[in-house]
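# Residue-level structure breakdown
Residue-level listing of the chains:
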Amino acid sequence: AECVSGCVCPEGLFDDGKGGCVKEKDCPCFHNNQWYSPGQKITVDCNTCTCQKGFWSCTEAVCYGTCMIYGSGHYITFDGKFYDFDGSCEYVATQDFCGDKNSSGSFSIITENVPCGTTGVTCSKAIKMFLGKTELKLENKDYKEIQRDIGDDVHYWNKTVGFYLVIEASNGVMLIWDKKTTVFIKLTPDYKGKVCGLCGNFDDKSNNDFTTRSGLQETNALKFGNSWKQSSMCPDVTQEIKPCDVKPHRKSWAEKECNIIRSEVFKICHSKVDPIPFYEACVHDACSCDSGGDCECFCSAVAAYAQECTKAQACVFWRTPDIC
């Protein structure tokens, strides 16, 4: 749209937005504050876009949805809502058993959250994945399989990729775990609007993600989160924990370390993925992990931002011998 013919250029030529005049076929395209030449391709989510005469022409494949749970109680839903919830219990991260009590479904993923540090925030310690009659429990850097009597056969396979254990199932569910406190859940588009839990309902709208177990829409993250606990014996979370207020002596260290997210190192990504929520989550985690493992919490928080940057085609090499 920047490429226009007018009094700037001779007739038949177009202003290319960079002070030159070009033929229409040579018009560049603009994306995320960057110019691209005709014929150049970029990847947006799982689609490829090609620059043609100043406009993007994109493939129209439907993409996996991703939910991320990481660090001390940070959630990014399938529809991109970012919130914090610090409950110490087992919670439904996502499942397709939604609606009435006896609705059928093929999978359920439960996160077991435990306190990490002394401030009261919680981290995901173990993941349970129910696929038909198979139950997988991911804990202590490993997983074990338990066969139950009821349910269908859902096939799955696993592989290790870098730091991550990847479990992919034949029903279109994929789980990626860093063997610590980060888990990504990926679903095929067939599940759009058919799932529920802490990861939201995957209907491309983030404003209705806080739908409780009973189907009510909440505005409060705590009430929403409490509704998805697996056991009524667990106490409800009644207040949001601010670890930097509880441990003020850690705050300046946390802010200094986490500033890498807002620094030049990640500059290429800032226009593509907003760094602020990730920076705030990092400070929260660096303040809260005060019983050993504080570097691990910091590294997981930065890695979460780096992962989103990679998804947005901004590869950042941030790990160094001194940092993580």
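Residues numbered from 1 in each chain as written. Predicted model: local features only at pLDDT ≥ 70, side-chain atom pairs only at ≥ 80, totals over all residues. Heavy atoms only, no water.

## Overview of the overall build of the protein
For the protein, the count of helices and strands is six helices and 19 strands. Along the first, second and third principal axes, the C-alpha atoms of the protein reach 75 × 50 × 40 Å. Of all 324 residues assigned to the protein, the portion counted as buried reaches 48%. Long-range pairs, those at least 24 residues apart, make up 47% of the contacts in the protein with a sequence separation of at least 6. Put simply, the protein shows about 16,500 Å² of open surface, and 51% of that area lies on carbon and sulfur atoms. Between the mean site of the 34 positive side-chain charges and the mean site of the 43 negative ones, the protein shows a separation of 2 Å. (Helix = DSSP H or I, 4+ residues; strand = E, 2+ residues; numbered from the N terminus. Buried < 20%, exposed > 50% of the residue type's maximum accessible area, 1.4 Å probe, protein only. Contact = heavy atoms within 4.5 Å. Areas by Shrake-Rupley, 256 points an atom, 1.4 Å probe, with all protein chains shown as cover. Lys, Arg positive; Asp, Glu negative; His and termini not counted. Charge placed at Lys NZ, Arg CZ, Asp CG, Glu CD.)

## Considering the sheet that holds strand 7 (residues 55-58)
Taken in spatial order, the three strands of this open sheet run 5-6-7, and their pairing is antiparallel. Taken across any chain shown, the strands that pair with only one partner, and hence form the sheet edges, are strand 5 (41-44) and strand 7. The average angle at which neighbouring strand axes cross in this sheet is 35 degrees, direction not considered. In the sheet, strand 5 pairs with strand 6 (residues 47-52) via four bridges, with the strands oriented antiparallel. Across the sheet, the residue bridging to T43 is T48, located in strand 6. (Pairing = 2+ DSSP bridges. Axes fitted to C-alpha atoms, helices over the stretch in contact; angles between N-to-C directions.)

## Considering the state of the cysteines
For the structure on display, the rule yields 13 disulfides. Between C67 and C199 runs a disulfide, and the two sulfur atoms are separated by 2.0 Å. Looking along the S-S bond of the C67-C199 disulfide, the torsion reads about -75 degrees, which is the left-handed sense. One end of the pair, C67, is in strand 8 (residues 65-70); the other, C199, is in the loop between strand 19 (183-187) and helix 1 (221-227), and 132 residues separate them in sequence. With respect to class, C67 is no different from C199; both count as buried. There is a disulfide in this structure between C289 and C297, and the S-S distance comes to 1.8 Å. Every disulfide takes its handedness from the sign of the S-S torsion; for C289 and C297 that torsion is -80 degrees, giving left-handed. Per residue, the accessibility class of C289 equals that of C297, and both read buried. (Disulfide = S-S within 2.5 Å.)

## Re the domain arrangement of the protein
Taken domain by domain, the protein comprises domain 1 (13-58), domain 2 (65-227) and domain 3 (243-312). Summarising the inter-unit geometry, the C-alpha centres of domain 1 and domain 3 are found 34 Å apart. (Domains from an automatic or database assignment.)

## A few points about the pattern of salt bridges
A complete count under the given rule lists 14 salt bridges for this structure. Among the ionic pairs, K192 bridges to D204, the shortest N-O distance being 2.9 Å. Here K192 is found in the loop between strand 19 and helix 1, whereas its partner D204 is found in the loop between strand 19 and helix 1, with twelve residues between them in sequence. Its relative accessible area of 54% is what places D204 among the exposed residues. A salt bridge links K242 to E240; the shortest N-O distance between them is 3.7 Å. On the basis of relative accessibility, which here comes to 52%, the residue E240 falls in the exposed class. Three or more residues joined by partner-sharing salt bridges are found here, namely E112, K125, K137 and E139. (Salt bridge = Lys/Arg side-chain N within 4 Å of Asp/Glu carboxyl O.)

## Here's the deal with the packing of helix 3 (residues 251-258) against helix 5 (residues 275-288)
Working note: a packed helix pair is described by the angle between its axes plus the distance between those axes. The N-to-C vectors of helix 3 and helix 5 enclose an angle of 140 degrees; their axes lie 8 Å apart at closest approach. Considering the angle they form, helix 3 stands oblique to helix 5. Both helix 3 and helix 5 take part in a crossing whose hand is right-handed. The segment helix 3 lies against helix 5, with K251, W253, A254, E255 and C258 engaging Y279, C282, V283, A286 and C287. Here the residues of the contact of helix 3 with helix 5 are counted per class, giving eight nonpolar, no polar and two charged. (Parallel < 35°, antiparallel > 145°, perpendicular 65-115°, else oblique. Left-handed = near helix turned anticlockwise from the far one by under 90°. Nonpolar A, V, L, I, M, F, W, Y, C, P; charged D, E, K, R; others polar.)

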